[in-house]
Amino acid sequence: MISRSLAFRFLVGVLILCLVEGAMASAADKKKSSKQSKDSGKPTYIFFPPAPSDPRVQFLTSYSTDADLKGGPGKFERFLVGKEPSKKTILKPNGIAMRDGRIFVCDTSGRCLVIIDLNRKKMDIVIPERDGLLRSPISLALDAEGNQYVADSARGQVVIYDQQGKYLGAIGQRDEMRPVGLLIDQTHIFVSDFKNNCLRVYDKTSRKPAFEIPNERSGTNRLPAPTSLGVDTRGQIYVSQATLGQVQVFEKSGKFVRTVARMGDRPGELARPKGVAVDREGILYVVDAASQVVQMFNAEGQVLMDFGDAKSGEGALDLPAGIAIDYDNVGLFQKYAAPGFAVEYVVLVTSQMGGRKVSVYGFGKKK
């Protein structure tokens, strides 16, 4: 039989825990309200470019742990059940892709893939074993069947998994290349080889080498330090070059088209370009890890604007790396958009430092 003294101490403990929970909730509410105007109490949305210019890009949300997807048990619940909540964390993200409500992230420090399932509100940490073991996953791409291709720079291969994460095989001999960027279309797999300064092109069906870029059609025999890859609606391939501060554009055959940007720290210049992506209108997005922004260029290579600078608060990037554009999952993010701001597509950017490892921005305009 429980003594009155023990029962009293238990009730006092419960009361203290409830007060702690209430204080924590209040602090969380205050932190959340820091995004609100003190005068109107309405949310303050982060836009690029800032007012008075017309907004084109809005910071929507970010993800770093599974707690960002749904709330875990509080202290009182842990007191009752005696368990800590699950806290899956993205450590050092690089490449990123999205398909069917799921965000796929290469985590180089975790030597794993992180899958953020927005429909299930769950984060899965996938650590392949045996032949599928990852050592330094840098970038990834998904084919039409949902298979996952991962460029592993330390392993020196592109590792392939099916939709369930089952190992299917690898492209290239171990250590013959240093794959960094990855791109897949219906017939070919394009891999940027940082070690040998070229793009390796493989037949998608046989996974055997088809040709390399540069080649006799390129008009150049130089492609130093190729890193990330992007593609536009015409099939032109964009290759960022980390040491030259530029992006080179090629036709799929390897014919050189043009160069975008040059080394520098002014608008339209790049100091350390990484991830690249192209929208349906031909706007090129380039991640610059040095200035820590994403710059946008039109189809003629002229700079339009940038976003993610350190002054933008929650919308800031911190050592950004990978980027992806998605049109098919806009509905999952529209709830974060400002009233009257219609999101046309979302831009996902990884940051290797800070508390916002995957930032989601919406490109759109006011209605």
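In the block above lies the structure referred to throughout.
Residues numbered from 1 in each chain as written. Predicted model: local features only at pLDDT ≥ 70, side-chain atom pairs only at ≥ 80, totals over all residues. Heavy atoms only, no water.

## What about the pairing of strand S10 (residues 167–171)?
Worth spelling out the cut-off: Only when DSSP finds a minimum of two bridges between them are two strands counted as paired. In DSSP terms, a helix is any run of H or I states spanning at least four residues, a strand is any run of E spanning at least two, and both are numbered starting from the N terminus.
In this sheet, S10 lies alongside strand S9 (residues 157–161) in antiparallel orientation, the contact comprising 4 bridges. Each bridged residue has a counterpart across the sheet, and for Val 159 the counterpart in S10 is Ala 170. Hairpin connection from S9 to S10: 5 residues lie between these consecutive antiparallel strands, with Gly 165 at a positive phi of about 90°.

## Some remarks on the nonpolar core
Among soluble globular proteins, nonpolar side chains are generally buried collectively. Using the following cut-off: Remark: nonpolar core denotes a set of buried residues (Ala, Val, Leu, Ile, Met, Phe, Trp, Tyr, Cys) joined through side-chain atoms within 4.5 Å. Whether a residue is buried, partly exposed or exposed follows from its accessible area with a 1.4 Å probe, protein chains only, as a fraction of its type maximum: under 20%, in between, or over 50%, in that order.
In this structure, Tyr 63, Ile 103, Ile 116, Leu 118 and Phe 333 are the most contacted members of the largest nonpolar core, which totals 24 residues. Of all the secondary structure elements, the ones that give two or more residues to this core are strand S2 (57–63), strand S3 (93–99), strand S4 (102–107), strand S5 (112–117), strand S24 (341–351) and strand S25 (358–366). Per-element accounting of this core gives the leading share, 4 residues, to S24. Listed in part, the 19 residues of the second largest apolar core include Val 287, Met 305, Tyr 345 and Phe 363.

## Re the packing of aromatic side chains
The test is simple: For Phe, Tyr and Trp, where Trp contributes only its six-membered ring, two rings pair if their centres lie within 6.5 Å, and the inter-plane angle classes them as stacked under 30 degrees, edge-to-face over 60, or tilted in between. A ring is considered to have a charge above it if a Lys NZ or an Arg CZ atom is located within 6 Å of its centre and within 35 degrees of its normal.
By the definition in use, this model includes 11 aromatic pairs. Linked through ring pairs, Phe 48, Phe 59, Tyr 285, Phe 307, Tyr 327, Tyr 345, Tyr 361 and Phe 363 together constitute an aromatic cluster. The ring centre of Tyr 327 lies 3.7 Å from the NZ or CZ of Arg 280, which sits over that ring.

## Examining the side chain of Ser 136
Quick note on the threshold: We call two residues contacting when some pair of their heavy atoms lies within 4.5 Å.
Structurally, Ser 136 can be placed in the loop between strand S6 (122–126) and strand S7 (137–142). Judged by its relative accessible area of 15%, Ser 136 falls in the buried class. Non-local contacts of Ser 136, meaning those with residues more than four positions away in its chain, are made with Thr 108, Ala 151, Asp 152, Ser 153 and Ala 154.

## Some thoughts on the environment of Glu 129
Within the fold, Glu 129 resides in the loop between S6 and S7. Distance in space between the C-alpha atoms of Glu 129 and Lys 166 is 9.8 Å, their sequence separation being 37 residues.

## Some thoughts on the sheet that holds strand S15 (residues 226–231)
One key point about sheets: their strands pair by backbone hydrogen bonds, in either a parallel or an antiparallel sense. Note the following rule: For helices, the fitted line uses only the C-alpha atoms of the stretch in contact; every axis is such a line through C-alpha atoms, and the angle between N-to-C directions lies from 0 to 180 degrees.
Spatially, 4 strands are ordered S15-S16-S17-S18 in an open sheet, and the strand pairing comes out antiparallel. This sheet does not close on itself; its edge strands, each paired only once, are S15 and strand S18 (256–260). Neighbour to neighbour, the strand axes of the sheet diverge by 25° on average, direction disregarded. Relative to strand S16 (residues 237–241), S15 runs antiparallel, the two being bridged by 4 bridges. Across the sheet, the residue bridging to Val 231 is Ile 237, located in S16.

## Brief notes about the sheet that holds strand S21 (residues 293–297)
Strand order in the open sheet formed by 4 strands is S19-S20-S21-S22, and the pairing between neighbours is antiparallel. Either end of the sheet is taken by a strand with one partner, and the two such strands are strand S19 (273–278) and strand S22 (303–307). Adjacent strand axes in the sheet meet at a mean angle of 20°, parallel and antiparallel pairs treated alike. Where S19 and strand S20 (residues 284–288) come together, 4 bridges link them in antiparallel fashion. Considered in S20, the bridge of Pro 273 is made with Asp 288.

## What to know about unusual backbone geometry
Residues Phe 48 and Pro 49 are joined by a peptide bond in cis, for which omega reads -15°. Its place among the elements puts Pro 49 in the loop between strand S1 (47–48) and S2. At Arg 111, a residue that is not glycine, the phi angle is positive and equals roughly 50°. Take Arg 111: it is sitting in the loop between S4 and S5. Of note, Ala 225 is a non-glycine position whose phi angle comes to about 50°, a positive value.

Distances and angles like these do not, on their own, reveal function.
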